[in-house]
Amino acid sequence: MNKPISVRALAAEALADIALSGHSLREVADRAFPRLPDSRDRALLTALLNEGARWWTRFDAAIDRLLDKSIRRNEPVIHALLVIGLVQLEVLELPAYAAVAATVEAVRELRRPRLAGLANAVLRRWQREREALNAVLDATPATRHGHPAWLAAAIARDWPEQTEAILAAANQEPPLMLRVNRNRATREEVVGRLAGAGQTAELHPWLADGLVLPHSTDVTRLPGFGQGDFAVQDGAAQVPADLLDLANGQRVLDACAAPGGKACHALERANIHLVAVESEAKRIPRIRQNLERLGLRATVITGDAGDASGWWDGKPFDRIMIDAPCSATGVIRRRPDVRLHRREGDIPALVAQQGRILAACWDLLAPGGSLLYVTCSILRPENDGVVEAFMAGRADLVAAPLALPVGQATRHGWQILPGDGDLDGMYYALLRKR
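Rules and cut-offs
- Residues numbered from 1 in each chain as written.
- Predicted model: local features only at pLDDT ≥ 70, side-chain atom pairs only at ≥ 80, totals over all residues.
- Heavy atoms only, no water.
- Helix = DSSP H or I, 4+ residues; strand = E, 2+ residues; numbered from the N terminus.
- Pairing = 2+ DSSP bridges.
- Contact = heavy atoms within 4.5 Å.
- Axes fitted to C-alpha atoms, helices over the stretch in contact; angles between N-to-C directions.
- Buried < 20%, exposed > 50% of the residue type's maximum accessible area, 1.4 Å probe, protein only.
- Polar contact = N/O pair within 3.5 Å; in protein donor to acceptor, adjacent residues only side chain to side chain.
- Left-handed = near helix turned anticlockwise from the far one by under 90°.
- Nonpolar A, V, L, I, M, F, W, Y, C, P; charged D, E, K, R; others polar.
- Core = buried A, V, L, I, M, F, W, Y, C linked by side-chain atoms within 4.5 Å.
- Salt bridge = Lys/Arg side-chain N within 4 Å of Asp/Glu carboxyl O.
- Phe/Tyr/Trp six-rings, centres within 6.5 Å; stacked < 30°, edge-to-face > 60°.
- Lys NZ or Arg CZ within 6 Å of the ring centre and 35° of its normal.

### Brief notes about unusual backbone geometry
Of the consecutive residues Ala258 and Pro259, the connecting peptide bond is found in the cis state with omega at 0 degrees. Within the chain, Glu93 stands out as a residue other than glycine whose phi angle is a positive 55 degrees. Examined against the element boundaries, Glu93 turns out to sit in the loop between helix 5 (76–90) and helix 6 (96–109). Even without a glycine there, the phi angle at Ala328 is positive, about 60 degrees.

### Things to note about the sheet that holds strand 3 (residues 210–213)
Ordered by their spatial adjacency, 4 strands build an open sheet running 2-3-1-4, and the pairing between neighbours is antiparallel. This sheet does not close on itself; its edge strands, each paired only once, are strand 2 (202–203) and strand 4 (230–232). Pairing between strand 1 (residues 176–180) and strand 4: 3 bridges, direction antiparallel. Its bridge partner being in strand 4, Val180 is matched across the sheet by Phe230. Its contacts with the sheet put helix 11 (residues 187–196) on strand 1, strand 2, strand 3 and strand 4, and the angle it makes with strand 3 is roughly 25 degrees.

### Some remarks on the side chain of His145
Tracing the backbone shows His145 in helix 8 (residues 141–145). Judged by its relative accessible area of 9%, His145 is buried. Looking at His145, its side chain comes within polar contact range of the side chain of Glu164, at 2.9 Å. In contact with His145, other than residues within four places in its own chain, are Trp55, Glu164, Leu167, Ala168, Asn171 and Arg339.

### A closer look at helix 9 (residues 149–158)
Inspection of helix 9 places Trp150, Leu151, Ala152, Ala154, Ile155 and Asp158 among the buried residues, and these make up the whole buried set. Check the buried side of helix 9 and you find it contacts helix 8, helix 10 (163–169) and helix 16 (346–362).

### Quick look at the packing of helix 4 (residues 56–66) against helix 7 (residues 116–137)
Where helix 4 contacts helix 7, the two axes come as close as 10 Å, and the packing angle between them is 120 degrees. The interaxial crossing formed by helix 4 with helix 7 has right-handed handedness. Note on element contacts: helix 7 touches helix 4 through Val122, Arg125, Trp126, Leu133, Asn134, Val136 and Leu137, opposite Arg58, Phe59, Ala61, Ala62, Ile63, Arg65 and Leu66. Its residues assigned to classes, the contact of helix 4 with helix 7 shows 10 nonpolar, 1 polar and 3 charged.

### A short note on the nonpolar core
Formed by 58 residues in total, the largest nonpolar core has its most connected members in Leu274 and Tyr428. Contact partners of Tyr428, with chain neighbours within four places excluded, come to Ala236, Val239, Pro240, Leu243, Leu372, Tyr373, Val374, Leu402, Leu404, Gly413, Trp414 and Ile416. In terms of nonpolar packing, the next biggest core, distinct from the first, is built from 52 residues, Ala32, Leu66, Val104 and Leu123 among them.

### A closer look at the pairing of strand 9 (residues 365–375)
Across a regular strand the side chains alternate sides, sitting on one face of the sheet and then on the other. Of all 11 residues making up strand 9, 9 are buried, and the element is well covered by its neighbours. By the bridge criterion, 6 bridges tie strand 9 to strand 13 (residues 426–433) in an arrangement that is antiparallel. Considered in strand 13, the bridge of Thr375 is made with Tyr427.

### Thoughts on the environment of Ile416
Looking at where Ile416 falls in the secondary structure, it is placed in strand 12 (residues 414–416). Excluding residues within four positions of it along the chain, Ile416 makes contact with Ile378, Leu404, Val406, Gly407, Leu423, Asp424, Gly425, Met426 and Tyr428.

### A closer look at the pattern of salt bridges
Tallying each qualifying case throughout the model produces 33 salt bridges. One salt bridge in this structure joins Arg108 and Glu105, with 3.5 Å as the shortest N-O distance. One end of the pair, Arg108, and the other, Glu105, are both in helix 6, 3 residues apart, so they sit about a helical turn from each other. A relative accessible area of 44% places Arg108 in the partly exposed class. Asp209 serves as the salt-bridge partner of Arg182, at 2.9 Å between the closest nitrogen and oxygen. Highlighted residues: Arg182 in the loop between strand 1 and helix 11 and Asp209 in the loop between strand 2 and strand 3, separated in sequence by 27 residues.

### Quick notes on the packing of aromatic side chains
Per the counting criterion, the structure on display carries 4 aromatic pairs. Considering the side-chain rings of Phe59 and Trp126, the 6.2 Å spacing of their centres and the 90 degrees angle between planes classify their relative orientation as edge-to-face. Taken as a pair, Phe59 in helix 4 and Trp126 in helix 7 lie far apart in primary sequence, 67 residues in all. A residue is classified by how much of its surface remains accessible, and Phe59, at 2% relative accessible area, is buried. Ring centres of Trp362 and Phe390 lie 5.8 Å apart, and the angle between their planes is 70 degrees; this geometry places the pair in the edge-to-face category. Of this pair, Trp362 sits in helix 16 while Phe390 sits in helix 17 (residues 384–391); the two residues are 28 residues apart in sequence, bridging distant segments of the chain. As far as burial versus exposure is concerned, Trp362 and Phe390 are alike and both buried. Directly above the ring of Trp159 sits Arg380, whose terminal nitrogen or CZ lies 3.9 Å from the centroid.

These values are about where atoms sit, not about what they do.
Structure, rendered in structure tokens:
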């Protein structure tokens, strides 16, 4: 019988896939979890992968300083394991002896016994020189906060006064937020049921359907999940339902619908006819699953929101929401692998796609209707830049003024930055058709 793989060896393989091969954290975690039957091991794996992705830029640079010759190319899994070793020492603050010993043993487990001495030497050297090495890493924003240099520079350009706060917020563990399905329960009822199961939850101070839990947990085990009493959704993503000003009988389009959270929230708010369009067929089942669990109905279509000719029935919409494909730079605290996969060169293509979708959807909007443009980006070219380019020379629209309890007004919309009100970063622009 094969010996079960250790958490650290499995984490090293997974982190190498994430950081060096471009796989998503969720994908590799879903693949790895079945190999760890113990819940404590799965919790440690989750921490190692999240913090490994979050701090890769910092500790990747540290490993290069600790080695005479890089092993990143020839031994990517061992390189990732060394990053995990530093995560254990610096971020998780595990006992040094246990962290080093277990990491070195994982080298042998990964069938690289000749590198066990190197791993031990690297981690011991870090312990001896950590103060000086941390000072060097803290000297630049990229390695100080674990962001790629291009992204740190872009944030500094777009948000010069908030740069340090944004970068720091991206490295804080976000709270778990729920959206109560008002068709099934009140917030107070859900709080009571959770309390009965030993789970603390608080009413969000200004989001009408929001609950805040202090720590992440397996929500599928919470009372009411299977019955559709609530869904997981960050507070910033709950805002669009308020901004859309929904009313019974309206015809509503969710133009980039997957995974369906915002569409479901809209359906919970009013008796509307909602059309959910998603370009990636593989993401459609997730939308349907969310609708079914929450007891909601919508017309779900696989189609390109930037070209309605293949799916639109010709009937205009009273409300349109575009949760546009974007850089996801506002949700890095929740999805730390974004910082490893997004490239500076991606932004112009995203801007072009956002503009194409906005222009196409505007033609589907009824006179007097409203279109809400949303991104989970904090980069101005994807937000005000796209809206300004679209508005230029048009006389048939006006940007409605927005005001939320957190965040700030921009030239054409409203921006919540990561950590504002303990929310994810998100941009909103509300355009009304004359």
